Amino acid sequence: MNILMIGSGGREHALIKKLLESPKCTKLYCAPGNGGISRDAQLVDIDVMDKENMVKFAKENNIDLAFVAPDDPLAAGMVDAFDAAGIRAFGPNANAAVIEASKVFSKNLMKKYNIPTAKYEVFDNPHKAIEYIKAENTTPVVVKADGLALGKGVIIAQTIDEAVDAVKSIMEDKKFGDSGNNIVIEEFLTGPEVSVLAFTDGKCVKPMVSSKDHKRAYDNDEGLNTGGMGTVSPNPYYTDEIAEECMNTIFKPTIEAMNKEGRPFKGCLYFGLMITPDGPKVIEYNARFGDPEAQVVLPRLKTDLVDICEAVIDEKLSDINIEWYDGAAACVVMASGGYPLSYKKGIEIFGLDENGQVDGATVYHAGTKYENGKFYTNGGRVLGVTATAPTLDEALKKAYGAVDKIKFEGAHFRHDIGRIK
Ligand code: AMP
Ligand code: GLY
């Protein structure tokens, strides 16, 4: 099969490495990809949002399977464009990807179908939002931009003044552009967070092994929120009992709710959960694999990923038995100095071999460039250094051992991945 991956991060590199394990995969392309991915797949210079050229390339190169990994092209209807051209594509249609692209949509969906989530109100007017915040007078309070905002559209305000400033910056200063035309103000929940990615063909839902993301930039959960600085799988807080409760109160009801709304979801649905004292609740949905969750979940997948993608597309997911390796995986993200704020690019990376790997670990490239046999930084999150082992402690030891061998000026990473709540 000729397969086209769409995207350019560590998640896409992890998907590519898993697809390469399939005997069905004969030729793999990635648009646009990155330096590390160029060692595993043929790069194609097409922007992830360019539907017309993406479909044209797929037709001209006899693509048998297109995999749309990032949120923006999914929300913009990249899978719809492939469908219209008769090209098989993995990922939800735009009318289902809205479950991530609009928090107003997903919150209203959960309310309508009694899926547990934080209490909330929606506003399209900043004055009304501010009046509400002052009248409720509880802190912390969570202010969220409706639309996609690179994972940065959520503000946890510790004081009423901070919440008012958040409303103004989102709705009046348009910090996230049109994503902030509407906002959600919601109750602050507490408890450990769990990421559960699930395959679904719109009929049945098969959760993958659980994971835990560390979103803050620095140790002890200090610093700004990032796309994710590291992950472990399994998530120690996700017991079998909680998994069963989630299946009955969250996973199945969400799939059914999307069907009832005439928006069947096919692809990977990501449940961002919080295990609160009142039970598991949904913090957010994503319409795709998480990054860096994919980097610890996929290495544990035993079943052929191509077979799973085909079963999802053909709505035959219930026929396939998905198997996982026991043990654990850990991923430590090495980021550019300054990330998630401004950072330099083009800094040489030392310690990788010619395929961008190091002994004892799999290195997924997130933001790198490959030129004349050398790797250079080319993004905020640069590498996801990942290891698997029988226990989480051993996986972490191996991953950190590999991180120590890699050097680039300004590199920063968290030292407490898998170690704190
Ligand atoms: P989101 O983009 O919706 O996943 O939010 C980013 C992060 O903000 C989450 O991973 C949580 O750590 C935090 N967060 C979001 N909503 C809430 C909430 N209602 N209560 C507490 N923390 C939250
Ligand atoms: N790691 C969180 C996300 O992919 O949204």
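Shown above is the structure to which this text applies.
Quick caveat: nothing in here was measured; it's all calculated off a predicted structure.

A. Structural view of the site of ligand 2. As a matter of local geometry, ligand 2 sits amid Asp213, Gly227, Tyr270, Asn286, Arg288, Gly290, Asp291, Pro292 and Glu293. The separation between a nitrogen atom of ligand 2 and a polar main-chain atom of Gly227 is 3.1 Å. Here a nitrogen atom of ligand 2 sits 2.8 Å away from a polar atom, N or O, in the side chain of Glu293. Against a free-state accessible area of 200 Å², the protein chains account for coverage of 90% of ligand 2. Considering only residue class, the shell around ligand 2 consists of 2 nonpolar, 3 polar and 4 charged.

B. Inspection of the nonpolar core at higher detail. One finds Leu4, Phe82, Ile99, Phe251, Phe271 and Leu273 to be the most contacted residues of the largest nonpolar core, which totals 49 residues. When neighbours within four sequence positions are excluded, Phe251 is seen to be in contact with Val196, Val205, Pro207, Tyr238, Cys246, Phe271 and Leu273. Within the second largest apolar cluster, 43 residues are counted, among which are Ile16, Cys204, Tyr270 and Val296.

C. Local environment of the site of ligand 1. Near ligand 1 lie 15 residues; those nearest to it are Glu186, Leu189, Glu193, Lys215 and Glu284. Contact between ligand 1 and Glu186: a nitrogen atom at 2.8 Å from a side-chain N or O atom of the residue. Residue Glu187 places a main-chain N or O atom 2.8 Å away from a nitrogen atom belonging to ligand 1. Burial of ligand 1 by the protein chains amounts to 92% of its free accessible area of 470 Å².

D. Examining the pattern of salt bridges more closely. Enumeration over the complete set of coordinates arrives at 21 salt bridges. When the shortest N-O distance is used, the salt bridge between Lys203 and Glu315 registers 3.4 Å. On the criterion of sequence distance, the pair formed by Lys203 in the loop between strand 10 (193–200) and strand 11 (205–207) and Glu315 in the loop between helix 11 (305–313) and strand 18 (328–335) is long-range, its members being 112 residues apart. By sharing partners, the salt bridges in this structure join Arg88, Glu310 and Asp314 into a single network.

E. Representation of the sheet that holds strand 21 (residues 368–371) within the structure. Strand order in the open sheet made by the 3 strands is 19-22-21, with antiparallel pairing throughout. Strands with a single pairing partner mark the edges of an open sheet, and in this sheet they are strand 19 (348–349) and strand 21. Direction of pairing for strand 19 relative to strand 22 (residues 374–377): antiparallel, over a ladder of 2 bridges. In the strand pairing of strand 22, Ile349 is matched with Phe375.

F. Region of interest: a negative patch on the surface. A cluster of acidic side chains, namely Asp240, Glu241, Glu244 and Glu245, defines a negative patch on the protein surface. Mapping Glu241 onto the fold places it in helix 9 (residues 240–260). For Glu241, a relative accessible area of 66% translates into the label exposed.

G. Seen up close, helix 8 (residues 160–172). Under the 1.5 Å per step criterion, the end-to-end length of helix 8 is 17 Å for 13 residues, consistent within 8% with the ideal 18 Å. Of the residues making up helix 8, those classed as buried are Ile160, Ala163, Val164, Ala166, Val167, Ser169, Ile170 and Met171. As for helix 8, its buried residues are in contact with strand 6 (120–123), helix 7 (126–136), strand 7 (141–145), strand 8 (154–157) and strand 9 (183–187).

H. Structural detail: the packing of helix 7 against helix 8. Orientation of helix 7 relative to helix 8, taken along the N-to-C sense of each, is 165°, at an axis distance of 10 Å. Judged by the inter-axis angle, helix 7 sits roughly antiparallel to helix 8. The chirality of how helix 7 crosses helix 8 is right-handed. Touching Pro126, His127, Ala129, Ile130, Ile133 and Lys134 of helix 7 are Ile160, Ala163, Val164, Val167, Lys168, Met171 and Glu172, all from helix 8. Within the contact of helix 7 with helix 8, the residues separate by chemical class into 9 nonpolar, 1 polar and 3 charged.

What counts and what doesn't
Residues numbered from 1 in each chain as written. Chains lettered and ligands numbered in written order. Predicted model: local features only at pLDDT ≥ 70, side-chain atom pairs only at ≥ 80, totals over all residues. Heavy atoms only, no water. Near = heavy atom within 4 Å. Polar contact = N/O pair within 3.5 Å; in protein donor to acceptor, adjacent residues only side chain to side chain. Areas by Shrake-Rupley, 256 points an atom, 1.4 Å probe, with all protein chains shown as cover. Nonpolar A, V, L, I, M, F, W, Y, C, P; charged D, E, K, R; others polar. Core = buried A, V, L, I, M, F, W, Y, C linked by side-chain atoms within 4.5 Å. Buried < 20%, exposed > 50% of the residue type's maximum accessible area, 1.4 Å probe, protein only. Contact = heavy atoms within 4.5 Å. Salt bridge = Lys/Arg side-chain N within 4 Å of Asp/Glu carboxyl O. Helix = DSSP H or I, 4+ residues; strand = E, 2+ residues; numbered from the N terminus. Pairing = 2+ DSSP bridges. Patch = residues over 30% accessible without salt bridge, like charges linked within 9 Å, V, L, I, M, F, W, Y side chains within 5 Å. Lys, Arg positive; Asp, Glu negative; His and termini not counted. Charge placed at Lys NZ, Arg CZ, Asp CG, Glu CD. Expected span 1.5 Å × (residues − 1). Axes fitted to C-alpha atoms, helices over the stretch in contact; angles between N-to-C directions. Parallel < 35°, antiparallel > 145°, perpendicular 65-115°, else oblique. Left-handed = near helix turned anticlockwise from the far one by under 90°.

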